[in-house]
Amino acid sequence: MFNAIISDGHTIGNHTQNHFNGWKNDTSVYIDNVLTCEKSILKHSNQNSDSKLFRPPYGKIKKSQARILIEKGFKIIMWTVLSR
């Protein structure tokens, strides 16, 4: 599926390597997990590091985590509509 998504020209976003809840993890552990996922995405795709979309699992992220990710060039994507 991953290769098909890439082949169709879609961008792969980061969602942490282990689906971490930002509110329940120390900032350094959370950031390391996001960066591990980024390395994996780059290794298995032809995407360059300019594409840094990130959606926090459960929509939960601490301000300190968001600040660091933004400083590292990530664009944080949140929900705009809640599903039922």
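Before reading on, note that the structure itself is shown above.
Residues numbered from 1 in each chain as written. Predicted model: local features only at pLDDT ≥ 70, side-chain atom pairs only at ≥ 80, totals over all residues. Heavy atoms only, no water.

(A) Fine view of the overall build of the chain. Counting its regular elements, the chain contains 3 helices and 2 strands. Its helices and strands in sequence order give the chain the pattern α-α-β-α-β, from N to C terminus. Burial analysis of the chain (84 residues in total) assigns 30% to the buried set. Considering only intrachain contacts with a sequence separation of at least 6, the fraction spanning at least 24 residues in the chain is 57%. (Helix = DSSP H or I, 4+ residues; strand = E, 2+ residues; numbered from the N terminus. Buried < 20%, exposed > 50% of the residue type's maximum accessible area, 1.4 Å probe, protein only. Contact = heavy atoms within 4.5 Å.)

(B) Expanded view of the environment of Gly 73. Relative to the helices and strands, Gly 73 resides in the loop between helix H3 (63-71) and strand S2 (75-76). Spatially, the C-alpha atom of Gly 73 lies 9.0 Å from that of Leu 53, the residues being 20 residues apart in sequence.

(C) Representation of the nonpolar core in the model. Formed by Tyr 30, Ile 31, Val 34, Phe 54, Ile 61, Ala 66, Leu 69 and Phe 74, the largest nonpolar core amounts to 8 residues. Elements represented by at least two residues in this core include exactly helix H2 (27-44) and H3. Beyond its immediate chain neighbours, meaning those up to four positions away, Val 34 contacts Asn 14, Thr 16, Phe 54, Leu 69 and Phe 74. (Core = buried A, V, L, I, M, F, W, Y, C linked by side-chain atoms within 4.5 Å.)

(D) Fine view of the side chain of Glu 38. Mapped onto the secondary structure, Glu 38 falls in helix H2. Under the relative-accessibility criterion, Glu 38 is labelled buried at 14%. Looking at Glu 38, its side chain comes within polar contact range of the side chain of Lys 52, at 3.3 Å. Aside from chain neighbours lying at most four places away, what touches Glu 38 is Asn 14, Lys 52 and Phe 74. (Polar contact = N/O pair within 3.5 Å; in protein donor to acceptor, adjacent residues only side chain to side chain.)

Function-wise, these values are silent; they only describe arrangement.
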